[in-house]
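Inside the fold
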Amino acid sequence: MLGMFRRPGDPPEFTGLYGLAGAGALAAYAAGAAAGYAEATPAAYLAASGLCIASIGALASQRTARLGNVLGATGVGLGLAATLGAVVATPGSDALLPVQIVGALGVGAGAGALVARRMAITSLPQMVAGFHSLVGLAAVTTSIASYMAADPAHLDAVHAASTYFGTFIGAVTLTGSAVAFGKLHGVLPSKPLALPGKNALNLGLLAGNAAAGAAFLTTGDPGVALAALGATTALAGGLGAHMTASIGGADMPVVITLLNSYSGYALCAEGFMLGNDLLTTVGALIGSSGAILSYIMCRAMNRSLANVILGGYATAAAGPAAEVGGTHAEVDAHGAAEVLTSARSVLIVPGYGLAVAGAQYAIADLVKRLRSKNIAVKFGIHPVAGRMPGQLNVLLAEAGVPYDIVEEMDEVNPHMEDFDVALVIGANDTINSAAIEDPNSVIAGMPVVEVWKAKQVIVLKRTMGTGYAGADNPVFYKPNTQMLLGDAKTVCDQLNQKVTEALGLSGA
């Protein structure tokens, strides 16, 4: 991840030197703890929280993304060290406990490194969902174990409520993320599960959780309390699995951000439960940022969060959607290359099809060749393009596309008429003009990249089929549109070759 946004020709960086500052912080904590200062651990948590906050700020830009990764890793490392030190300093603690913790950390780090190295960049969405499920599992097991280790007679209301909410949110996150992983990885069907009375089922599960929570918070019997936590785990797990299964694949980007938010709130509850300021701070950061991103994604689809969670695209249109038809024009790679090489400005609009085909490297080469002949090239990315927020940005950055030519939908739409060519690669719903032109379309009102306003449009797509939303696309039949049909990777390679020949460049 640290080298993902690095471009050829960038000056050398020495991010490893930040390790010196991290080592200094660890040494300062160790010295304070060894001297018997009780404030050493809270101070380390405060410093780690500050580093995590700074990390999120740095990750907001590709220019500082590598620094953000380093800051985050340093903050988490300092927090782990402080937690381990606090365990060692606890009177009466088992001498083998730190060894067990370090062993578990080693196993987890090894497994994480192995997964990260083997996971293809196009599989990032399901990897994120899988990791979210582990956060949920940790929240559930930690909450229950914490209650079992505590003295129920002296458990105050704040810790009891935190234990319950950590269990509830953790179970929802665990099963919801597992189902999202299955949908994204193709193990489970992408289409939404439509059980009869699904909303009533959700309400029943929610009511059961509320009853279990009330029993846990009011009982003085540890056996009843543990049974209530077990019931909460089962009911919340069923709720998370059913609600996520009822959401279609087209809405998975929002589901990913929402589950990210849930995992943060679960961490926050654990922080209150364990009296750990670092967990509370980091959990609040993750929860709030995930919620904000979910809101932004819903706005980008002209949807409400409740609509996404409870049933998918709205069906209460005033009438049937307008029929889309006509004769579409096709072009081959040679013809598309002639259009591109004769243009002065080109906008490339990537979609999930680019990610599936793994065509990002071919596109990066194409952009390099066009720019070498002073043809201005920009990318326009829709907020919900791909299967998770930022997926296409990451793919392009990995392929070495300069990040200063990658822009968002709102940045390119006002200047669309200035582009000589809009090249669409593997996108459908996010460029569908029916969202603006047809009030009865299932995606009516959804902001889209308005490629049809460019002088010429070339749509590279495998077939003429519809996108996830199932809406026909009038852009395919507009007079300034030509369809370039075929596999994105194969066609992009052919396009590269033809552009290279047309520009008189070498094939290297």
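Residues numbered from 1 in each chain as written. Predicted model: local features only at pLDDT ≥ 70, side-chain atom pairs only at ≥ 80, totals over all residues. Heavy atoms only, no water.

What to know about the pattern of salt bridges
Rules: When a carboxyl oxygen of Asp or Glu lies within 4 Å of a side-chain nitrogen of Lys or Arg, that pair is called a salt bridge. The numbering of helices and of strands both runs from the N terminus, where a helix is a DSSP run of H or I of at least 4 residues and a strand a run of E of at least 2. Buried residues are those whose accessible area, probed at 1.4 Å on protein chains only, stays under 20% of the maximum for their type, while exposed residues exceed 50% and partly exposed ones sit between those limits.
In the structure shown here, the tally under the stated rule is seven salt bridges. Residue Lys489 pairs with Asp493 through a salt bridge whose shortest N-O separation is 2.7 Å. Of this pair, Lys489 and Asp493 both sit in helix H18 (residues 488-503), four residues apart, roughly one helical turn. In this structure Lys489 comes out as partly exposed when scored by relative accessible area, which is 31%. By sharing partners, the salt bridges in this structure join Arg344, Asp420 and Lys455 into a single network.

A few points about the sheet that holds strand S7 (residues 481-485)
What links the strands of a sheet is backbone hydrogen bonding, and the strands pair in either a parallel or an antiparallel sense. Convention followed: We call two strands paired when DSSP finds no fewer than two bridges between them. Residue contacts are defined here by distance: any two heavy atoms, one from each residue, within 4.5 Å place the two residues in contact. Axes here refer to lines fitted to C-alpha atoms; in helices the fit is confined to the stretch in contact. Angles between the N-to-C directions go from 0 to 180 degrees.
Strand order in the open sheet formed by seven strands is S1-S7-S6-S5-S2-S3-S4, and the pairing between neighbours is parallel. With partners counted over all chains shown, the strands left at the sheet margins are strand S1 (329-330) and strand S4 (406-408), one partner each. Pairing geometry for strand S2 (residues 345-350) and strand S5 (residues 421-425), over five bridges, is parallel. Bridge pairing in S5 places Val349 opposite Val424. Sitting on the sheet, helix H15 (residues 391-398) touches S2, strand S3 (376-381) and S4, and the angle it makes with S3 is about 145°.

Let's talk about the nonpolar core
In summary, soluble globular proteins display a tendency toward joint burial of nonpolar side chains. Stated precisely, the cut-off is as follows: What makes a nonpolar core is a set of buried Ala, Val, Leu, Ile, Met, Phe, Trp, Tyr and Cys residues whose side-chain atoms join them at distances within 4.5 Å.
In this structure, Leu340, Ile348, Ile363, Phe379 and Ile425 are the most contacted members of the largest nonpolar core, which totals 41 residues. Ile348 has contacts with Ile363, Val367, Val377, Lys378, Phe379, Gly380, Leu423 and Ile425, leaving out every residue within four places of it along the chain. Counting 31 residues, the second largest nonpolar core, distinct from the first, contains Val254, Val384, Met446 and Met483.

Quick word on the side chain of Asn202
Tracing the chain through its elements places Asn202 in helix H7 (residues 198-218). Accessibility expressed as a relative area gives 9% for Asn202, which makes it buried. In this structure, Asn202 is in contact with Leu239, His242 and Met243, ignoring residues within four places of it in sequence.

A word on the packing of aromatic side chains
Counted only if it meets this: Stacked, edge-to-face and tilted are the three classes for Phe, Tyr and Trp ring pairs, Trp counted by its six-membered ring, which pair at centre distances within 6.5 Å; planes under 30 degrees apart are stacked, over 60 edge-to-face, the rest tilted.
Scanning all chains against the criterion turns up three aromatic pairs. For the ring pair Tyr164 and Phe165, a centre distance of 5.3 Å and an interplane angle of 65° mean the geometry is edge-to-face. The exposure class of Phe165 is partly exposed, given its relative accessible area of 42%. Of the aromatic side chains, those joined through ring pairs into one cluster are Tyr164, Phe165 and Phe168.

Thoughts on a nonpolar patch on the surface
For the record, the criterion: Like-charged residues are merged into a patch within 9 Å and nonpolar side chains (Val, Leu, Ile, Met, Phe, Trp, Tyr) within 5 Å, provided each residue has over 30% relative accessible area and no salt bridge. Note on areas: Shrake-Rupley with a 1.4 Å probe; residue coverage comes only from the protein chains shown.
Residues Val115, Phe131, Leu134 and Leu137 make up a contiguous nonpolar surface patch of about 320 Å² in total accessible area. Here the element with the most residues in the nonpolar patch is helix H5 (residues 124-149); it accounts for three residues. With respect to the element layout, Leu137 can be found in helix H5.

Some remarks on the confidence of the model for the chain
Quick reminder of the rule: pLDDT is a per-residue confidence score from the predictor, ranging from 0 to 100.
Chain-level pLDDT for the chain is 86 on average; 94% of the residues reach the 70-or-more range. Across the chain, S2 holds the top mean pLDDT of 95, while helix H11 (residues 305-310) sits lowest at 78. For the stretch residues 313-317, pLDDT sits under 50, and the model shows nine contacts to residues farther than four places along the chain or on other chains.

Some words on the pairing of S7
Two strands pair when backbone bridges link them, and S1 and S7 are joined in this way by two bridges, in the parallel orientation. Counterpart to Glu330 in the pairing with S7 is Met483. Pairing geometry for strand S6 (residues 456-461) and S7, over five bridges, is parallel. Bridge pairing in S7 places Ile458 opposite Gln482.

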